[in-house]
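Spelled out, the chains give:
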Amino acid sequence: KVSRLMLFVLAFFPWFDFVIRRLLPSFMGALWDDAFLLAALVFVFAQKGVESAFKKVPRQVLVPLGFFALFTFASMVINVVPLAVSVDALRVVFQPMLFMLVAACLMEDDESVDFFLRLFVVSAAAVAAFGIVQYIFKIDMGTWKHSKDAGQFRITSIFSNPNALGGYFNMALAFTASSFLLERKEIKRRTADVLTGIVLFAALLLTFSRSAIIAFGVMAAFFVFIWDKKWLLSLPLFAAAGYFVVPRDVIERFKVLLDPAYYQMSSEYGRLSFWAAAVE
């Protein structure tokens, strides 16, 4: 029962975070998520033991994660990164990985996997629907009023960042796509997968997150490869058709990547400069 309760919280994690951050003081609201994940991991270890708990996690995941953690901590020590910055960076980088580890350790059988995935997709679809309503009425989530900003409106739904929201939608789309393509189920479940996928994809486009949209394209190609390699030949046709189907604002946002001025600006104080500093 405790495992099911924790899986329920994980499935509706963004909703709990959205409510708790508004009810609790800012300090407690900012730390509840990490405290919950760590407590869940301790519970799993106490119940199953460390070795038994991690049997559900593929070695191909654990080994790279271990190396990544090692180099991350080494980088902070060698570069003498201030403690406050280090803690914040660790939370941003490792929280999704900790979420994945806890969820994998809690899902003990096919029934618990199905329980979690169904709830997760329902939660994501609700977040997507909320974001679509936000876009229709141009709601600024900071003030809960109509946004008068003349620039491009990007949805955040109950998240704080459109790029993070796009990544979340991709996680849910991975489940709906794999469920539709790779599982043999009754027509009602397959129809539900399609309808849910449409809502999620529409919301993904409204984030205007180029990285998330590109990631979706790579993910789609991967699933087609697993499903039926012959359909890979049709992907260029779908990509060409997408130019006429995808909203023009999304197309225009991608066209910016071809502008030399964008690269100059990004190299001075944008992502390219951040990435260069990170590599150095």
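Going by the structure above, here's the rest.
Let us look at the structure shown here. All values reported here derive from a predicted model rather than from experimental measurement.

Here we look at the overall build of the chain
So, point 1. Along the chain, the regular secondary structure elements total 14 helices and two strands.
So, point 2. Computed over C-alpha atoms, the radius of gyration of the chain comes to 21 Å, within 12% of the 19 Å expected from 2.2 N^0.38 for 280 residues, which places it in the range of a compact globule.
So, point 3. Taking the principal axes of its C-alpha atoms as reference, the chain extends roughly 55 × 55 × 40 Å.
So, point 4. Evaluated residue by residue, the chain yields a buried proportion of 35% over its 280 residues.
So, point 5. Long-range pairs, those at least 24 residues apart, make up 69% of the contacts in the chain between residues at least 6 apart in sequence.
So, point 6. In the structure as shown, the chain presents an accessible area of about 17500 Å², 71% of it carried by carbon and sulfur atoms.
So, point 7. Between the centroid of the 26 positive side chains of the chain and the centroid of its 21 negative side chains there is a distance of 4 Å.

Looking at a nonpolar patch on the surface
So, point 1. Judged by side-chain polarity, Leu182, Phe222, Phe225, Ile226, Trp227, Trp231 and Phe238 come together as a nonpolar surface patch covering roughly 740 Å² of accessible area.
So, point 2. For the nonpolar patch, the leading source of residues is helix α10 (residues 210-227), giving four residues.
So, point 3. Here Phe222 shows up in helix α10.
So, point 4. The exposure class of Phe222 is partly exposed, given its relative accessible area of 48%.

Observations regarding helix α6 (residues 83-106)
So, point 1. Maximum bend of α6: about 45°, positioned at Phe94, with proline Pro96 one to four residues after it.
So, point 2. Those residues of α6 lying buried are Ser86, Phe94, Gln95, Leu98, Phe99, Leu101, Val102, Ala103, Ala104, Cys105 and Leu106.

Some words on unusual backbone geometry
So, point 1. For Lys138, which is not glycine, the phi torsion reads 50° and is therefore positive.
So, point 2. With respect to the element layout, Lys138 can be found in the loop between α7 (110-137) and β1 (139-140).
So, point 3. Given a relative accessible area of 26%, Lys138 falls into the partly exposed group.
So, point 4. The residue Phe208 is not glycine, and still its phi comes out positive at about 55°.
So, point 5. Structurally, Phe208 can be placed in the loop between α9 (187-206) and α10.
So, point 6. Among the residues examined, Phe208 registers a relative accessible area of 3% and is labelled buried.

Conventions used here
Residues numbered from 1 in each chain as written. Predicted model: local features only at pLDDT ≥ 70, side-chain atom pairs only at ≥ 80, totals over all residues. Heavy atoms only, no water. Helix = DSSP H or I, 4+ residues; strand = E, 2+ residues; numbered from the N terminus. Rg over C-alpha atoms; globule rule 2.2 N^0.38 Å. Buried < 20%, exposed > 50% of the residue type's maximum accessible area, 1.4 Å probe, protein only. Contact = heavy atoms within 4.5 Å. Areas by Shrake-Rupley, 256 points an atom, 1.4 Å probe, with all protein chains shown as cover. Lys, Arg positive; Asp, Glu negative; His and termini not counted. Charge placed at Lys NZ, Arg CZ, Asp CG, Glu CD. Patch = residues over 30% accessible without salt bridge, like charges linked within 9 Å, V, L, I, M, F, W, Y side chains within 5 Å. Salt bridge = Lys/Arg side-chain N within 4 Å of Asp/Glu carboxyl O. Bend = angle between axes of the 7 residues up to and from the residue.

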